[in-house]
Amino acid sequence: MKIILASASPRRKELLEQMGLSFSCMLSQKEEQISSDAPNQAVMELAFQKAWDIFQQTEGEVLVIGADTLVVCQGQILGKPKSEKEAFQMLSLLQGGSHLVYTGVALLYRNIKKELVKKIFEEHTTVRMYPMTEAEIDAYIATKEPMDKAGAYAIQGKGAVYIQGIDGEYNTVVGLPIARVYQELLLWDL
């Protein structure tokens with residue numbers, strides 16, 4: 001069976017490698033659209049859109065894994081910052097408090113009978129951050145790490161020094177809750 005990760009994220013790739021899976025990566029070019037204001041629904045929608053786009057380009061027995069991550073603080077959904085100014089605003093909002101990180105996952109499997117089996121779910125984790133000064137925020141942004149991360153930080157990178165604690169699965173914050181993915185695949189006997 002062919003396995004495809006519908007993402008170019010190096011972090012998601014590393015997490016799937018930790019599972020011992022042999023897979024390839026394909027990046028969806030389809031424009032993502034959110035129809036729900038509820039973050040748990042939005043991440044599942046986005047994960048499905050990515051996976052479905054790639055799934056439609058395949059033939060034969062295949063498993064496509066799509067994922068998307070959003071950070072939510074004080075009711076605001078924070079995606080990837082579009083500028084350093086936006087990264088500063090996000091980090092200023094997150095510092096010294098707690099927020100939720102949602103990762104949606106879509107598993108789309110076409111079996112040898114050409115039947116589609118799908119599972120779409122989300123996991124979320126609460127993250128508590130230490131207070132950060134404006135100088136610390138500026139210095140962190142200068143590393144460029146925040147610029148391609150939801151919420152403008154990487155828990156597995158330089159941003160780790162600002163993480164006070166988490167409640168939930170760490171890998172959900174990194175971008176793919178591999179323990180849950182593994183359990184779902186076990187149910188399918190893959």
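Structure: above.
Bear in mind that the values here come from a model prediction, so they are computed numbers and not experimental data.

Take the packing of aromatic side chains next. For any pair of aromatic rings, geometry is given as the distance between the ring centres together with the angle between the planes. Under the counting rule described, the total for this entry stands at 4 aromatic pairs. Each ring, one from F48 and one from W52, has its centre 5.8 Å from the other, and the planes form 15°; the classification is stacked. Here F48 pairs with W52, and both are found in helix 2 (residues 39–55), just 4 residues apart, close to one helical turn. Note on F48: relative accessible area 24%, which makes it partly exposed. Take W52: its relative accessible area is 29%, and that puts it in the partly exposed class. Residues W52 and F55 carry aromatic rings whose centres are separated by 5.6 Å and whose planes lie at 20° to one another, so their mutual orientation is stacked. Taken together, the residues span about one helical turn, with W52 and F55 both in helix 2 at a distance of 3 residues.

Relative to the elements of secondary structure, I163 occurs in strand 7 (residues 163–167). Distance from I163 to S98, taken between C-alpha atoms, is 9.8 Å for residues 65 residues apart in sequence. Residues contacting I163, with those up to four places away along its chain left out, are V127, R128, M129, Y130, Y153 and I155.

So, about the side chain of T172. By the secondary structure assignment, T172 is in helix 5 (residues 170–174). Those residues in contact with T172 that lie beyond four places of it in its chain are T69, V101, T103, E123, H124, T125 and P177.

So, about the environment of N171. Along the chain, the position of N171 falls in helix 5. Exposure remark for N171: the relative accessible area of 15% places this residue in the buried category. Separated by 15 residues in the primary sequence, N171 and Q156 place their C-alpha atoms 9.2 Å from one another. Beyond its immediate sequence surroundings of up to four residues, N171 is in contact with L15, L176, P177 and I178.

The next thing to look at is unusual backbone geometry. In the Ramachandran plot, Q74 falls in the positive-phi region, its phi being about 50° despite a non-glycine side chain. Taking relative accessible area as the criterion, Q74 reaches 65% and is therefore assigned exposed. One non-glycine residue, A152, lies in positive phi territory at about 70°.

Turning to helix 6 (residues 178–187), a few remarks are in order. Residue pairs three or four apart in sequence face the same way in an α-helix, which turns once every 3.6 residues. Among the residues of helix 6, I178, V181, E184 and L185 are the ones counted as buried. Along the long axis of helix 6, the arc covered by the buried residues comes to 120°, so they all point the same way. Packing partners of the buried residues in helix 6 comprise helix 1 (10–18), strand 3 (62–73), strand 5 (98–110), strand 6 (116–129) and helix 5. D189 sits one or two positions beyond helix 6 and adopts a positive phi of about 60°.

Conventions adopted
- Residues numbered from 1 in each chain as written.
- Predicted model: local features only at pLDDT ≥ 70, side-chain atom pairs only at ≥ 80, totals over all residues.
- Heavy atoms only, no water.
- Phe/Tyr/Trp six-rings, centres within 6.5 Å; stacked < 30°, edge-to-face > 60°.
- Helix = DSSP H or I, 4+ residues; strand = E, 2+ residues; numbered from the N terminus.
- Buried < 20%, exposed > 50% of the residue type's maximum accessible area, 1.4 Å probe, protein only.
- Contact = heavy atoms within 4.5 Å.
- Arc of directions from axis to C-beta.

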